[in-house]
Amino acid sequence: MTRAAWGIGLATISDIDGTVLDTWYPAPKLGEPGTTSPWDVPAEMGALEVTDPVRRVRRSVVRTEIDLDAAPTDAADAYLRLHLLSHRLVVPNSINLDGVFGVLANVVWTSAGPCSPVDFETTRMHLQAKHPGVTVHGVDKFPRLTDYVLPEGVRIADASRVRLGAHLGAGTTVMHEGFVNFNAGSLGVAMIEGRVSQGVVIGDGTDIGGGASIMGTLSGGGKERVTIGERTLLGANAGIGISLGDDCVVEAGLYVTAGTKVRLLGDATSWGVDLTGAATDTDGRPVVSAKVLSGLGGVLLRRHSLTGGVEALPRATRTVELNSALHAQ
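Residues numbered from 1 in each chain as written. Predicted model: local features only at pLDDT ≥ 70, side-chain atom pairs only at ≥ 80, totals over all residues. Heavy atoms only, no water.

Participant: Which parts of the structure should I look at to understand the environment of Val320?
Facilitator: Among the secondary structure elements, Val320 is positioned in the segment after β28 (310-314). C-alpha of Val320 to C-alpha of Ser186: the two residues are 134 residues apart in sequence and 16 Å apart in space. The contact partners of Val320, leaving out residues within four places of it in the chain, are Gly205, Arg231, Thr232, Leu233, Cys248 and Val249. (Helix = DSSP H or I, 4+ residues; strand = E, 2+ residues; numbered from the N terminus. Contact = heavy atoms within 4.5 Å.)

This is the structure:
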């Protein structure tokens, strides 16, 4: 059966070339539109249908209905999908976003609102006359999350670091150097001081340390979607290209990719992975590529302090705990 969603939005359209610059959906919905006046436009939204000669745009109400399993067809469709993610109506990687970059336009995001990059210096002169000191926040296909959706129960220290389409669970804190891309984010309470790339999902109670990085799928042609489980700590300036299960720790400064060679400590039979034919070190310890451990829970990944080699050992029943006071809603 078709998975559908719909919404009444307000589109910003360039008067220069007719490009749809953005679309705002204050109340997107899952499912098919109802039969009782489903497309009635709220009076408050209708009043926003105006022409802005300063920004050289017009704002128009749009009625959008989409198939979540089909690829986005235009900008209004794509913006509805991003809103569904940020309103927590769908989770990352659960809807089709194929070709989303192709249907979104580059936009000049200003303190006065979105503008077309076409002949922007003329637009800037108009803006300076009407809005002295107007600021250009950036030129990009994706706007800031908080300009369109304010998820309940979250803290975002720097709004420019979180894109529309990010999914932030209630209780999540994104600190100043944290970054969350579209189609990525947290499923519960989380501390994010590092980079959560497109496609990455982190679980409840997990801490992404300052400067830490998680590989996404936008660059390098990667197809593997990295997930991090619950109560897991990715140390400061660490990074991963494999998934982590619950109750894991990656030592600060350690970057682990799928091909990283890892020495397994503890009882070899307790790892629950096939070690047939695995290489061994001089002590007879198994040495495997990190991808063998992808998704396992209760793992500590660290460097040997003398050799610098990467090691993994079980963490037994130990767990990571966030500071509850920092995440109180």
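Participant: I would appreciate a short explanation of the sheet that holds strand β15 (residues 195-196) in the present structure.
Facilitator: Note on sheets: strands pair through backbone hydrogen bonds, and any given pair is parallel or antiparallel. The sheet built from five strands is open, its strands ordered β12-β15-β18-β21-β23 with parallel pairing. Looking at the sheet topology across the chains shown, the edges are occupied by β12 (179-180) and β23 (255-256). As paired elements, β15 and strand β18 (residues 213-214) share two bridges and run parallel to each other. By the bridge assignment for β18, Arg195 is matched with Ser213. (Pairing = 2+ DSSP bridges.)

Participant: Would you explain the domain arrangement of the chain in this entry?
Facilitator: By a widespread convention, an interface's size corresponds to the accessible area lost as its parts come together. Here the chain is partitioned into domain 1 (4-32 + 44-140) and domain 2 (145-326). Computed from C-alpha coordinates alone, the two centres of domain 1 and domain 2 are separated by 33 Å. Roughly 1,700 Å² is buried in total at the junction of domain 1 and domain 2, and carbon and sulfur atoms are behind 59% of that figure. If you sort the residues of domain 1 by the area they bury against domain 2, Ser86, Arg88 and Asn93 come out on top, with a joint share of 39%. Here domain 1 and domain 2 share one salt bridge between them. In this structure, Arg163 engages Asp140 in a salt bridge whose closest nitrogen and oxygen atoms are separated by 2.7 Å. The interface formed by domain 1 and domain 2 contains 10 residue pairs in polar contact (both at pLDDT 80 or more). With five residues, helix α2 (residues 75-86) is the single largest residue contributor to the side of domain 1 that touches domain 2. Taken together, the residues of the side of domain 1 that touches domain 2 sort by class into 11 nonpolar, five polar and three charged. (Domains from an automatic or database assignment. Buried area = accessible area lost by both parts, 1.4 Å probe. Salt bridge = Lys/Arg side-chain N within 4 Å of Asp/Glu carboxyl O. Polar contact = N/O pair within 3.5 Å; in protein donor to acceptor, adjacent residues only side chain to side chain. Nonpolar A, V, L, I, M, F, W, Y, C, P; charged D, E, K, R; others polar.)

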